[in-house]
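Tertiary structure, described
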Amino acid sequence: MTDPEQAGRAEVLRGLHGAPEILVLVNAWDVASARAIVTAGGKAVATASHSVAAAHGYPDGEHLPRELALAALARVCAAVDVPVTADLESGYGDAGHTARLALEAGAVGCNLEDRRAPLGDAARAVAAVVAAGTAAGVPLVVNARTDAFLLAGPDEPRASLVAEAVQRGRAYAAEGADCVFVPGVTDRETIQALVAGLGGVALSVLGGPGAPPAAELQALGVARVSYGPWVMRVALGAVSAA
């Protein structure tokens, strides 16, 4: 049965992606961090798989059991009154089913990474996640991640990586993804090339050390910036300094 409140939060999150102002997502790993983000003015909360896994004593990369990841997600969703988007990594072997479980936990958006899998397989995973939201009556906001740059070899030319990211991003958008996430890019020329190549498909990038500030990313045409594990590193650095 559709939860009207959850569906409404999904529409709020989708609207934030289309707003003139860039959507800044600070990544949480537990209830305390999520509440701190909202108190600081966050319009939405995103979980970060690396940080959630680290908080449980696991390395990133789906080593954290899915049930623990979903339990942490459910606690975050219940603790804040803003939309929550979940990092589903690459879907734990069944992206559609994992998305359904994330929806049951209260999420209204998700990240799904491709790990440079064959394009057809990756596009079908995006379609399965979109279908899970449709079946639940919640317009799930899908941030489809391509790892073209993140997993690139040292000798792969930038132009070919841009072409791959654009091809994958367009394919994911054709399956219903709302945004294309390209982590691993920080130089302005590459970001501009991605914005131009995606041709109106919303681009999401990873902020942090070496990346342009959010205001400059907005000027370059980026729709969304998140900060992944850097947020937890800042917090733990403060603990160490204290």
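Here's a quick rundown of the structure. What you see is a predicted model; the values in this text were computed from it and never measured.

**Description of the overall build of the protein chain**
Helix and strand counts for the protein chain stand at 10 helices and nine strands. A compact globule built from 242 residues should have a C-alpha radius of gyration of about 18 Å, and the protein chain, at 17 Å, falls within 12% of that. With the principal axes as the frame, the protein chain shows a C-alpha extent of 50 × 45 × 35 Å. Across the 242 residues of the protein chain, 47% fall into the buried class. Of all intrachain contacts in the protein chain linking residues separated by at least 6 positions in sequence, the fraction that spans at least 24 positions is 69%. Separation between the mean location of the 17 positive side-chain charges and that of the 25 negative ones in the protein chain comes to 1 Å.

**Focus on helix H8 (residues 188–198)**
Because each turn of an α-helix spans 3.6 residues, side chains separated by three or four positions end up pointing in the same direction. Residues Thr190, Ile191, Leu194, Gly197 and Leu198 constitute the buried set of H8. Down the axis, H8 shows its buried residues gathered within 130 degrees of arc, on one side only. For H8, the exposed residues set more than 90 degrees away from the buried face come down to Glu189 and Ala196. Summarising the contacts, the buried residues of H8 are in contact with helix H7 (158–174), strand E7 (179–181), strand E8 (202–206) and helix H9 (214–220). Trailing H8 by a residue or two, glycine 199 shows a phi angle of about 55 degrees, which is positive.

**What about helix H1 (residues 4–18)?**
A rise of 1.5 Å per residue sets the reference length of H1, with its 15 residues, at 21 Å; its end C-alpha atoms lie 21 Å apart and thus fit the reference within 8%. The backbone nitrogen of glutamate 5 lies 3.0 Å from a side-chain oxygen of the residue at the head of H1, namely aspartate 3.

**Observations regarding the environment of aspartate 187**
For aspartate 187, the location among the structural elements is in the loop between E7 and H8. You can call aspartate 187 partly exposed: its relative accessible area is 35%.

**Describing the environment of serine 33**
Secondary-structure assignment places serine 33 in helix H2 (residues 31–39). On the accessibility criterion, serine 33 (9% relative accessible area) is buried. Along the primary structure serine 33 and leucine 23 are separated by 10 residues, whereas in three dimensions their C-alpha atoms are 18 Å apart. Here aspartate 30 takes part through its side chain, which lies 2.8 Å from a polar atom of the side chain of serine 33.

What counts as what
- Residues numbered from 1 in each chain as written.
- Predicted model: local features only at pLDDT ≥ 70, side-chain atom pairs only at ≥ 80, totals over all residues.
- Heavy atoms only, no water.
- Helix = DSSP H or I, 4+ residues; strand = E, 2+ residues; numbered from the N terminus.
- Rg over C-alpha atoms; globule rule 2.2 N^0.38 Å.
- Buried < 20%, exposed > 50% of the residue type's maximum accessible area, 1.4 Å probe, protein only.
- Contact = heavy atoms within 4.5 Å.
- Lys, Arg positive; Asp, Glu negative; His and termini not counted.
- Charge placed at Lys NZ, Arg CZ, Asp CG, Glu CD.
- Arc of directions from axis to C-beta.
- Expected span 1.5 Å × (residues − 1).
- Polar contact = N/O pair within 3.5 Å; in protein donor to acceptor, adjacent residues only side chain to side chain.

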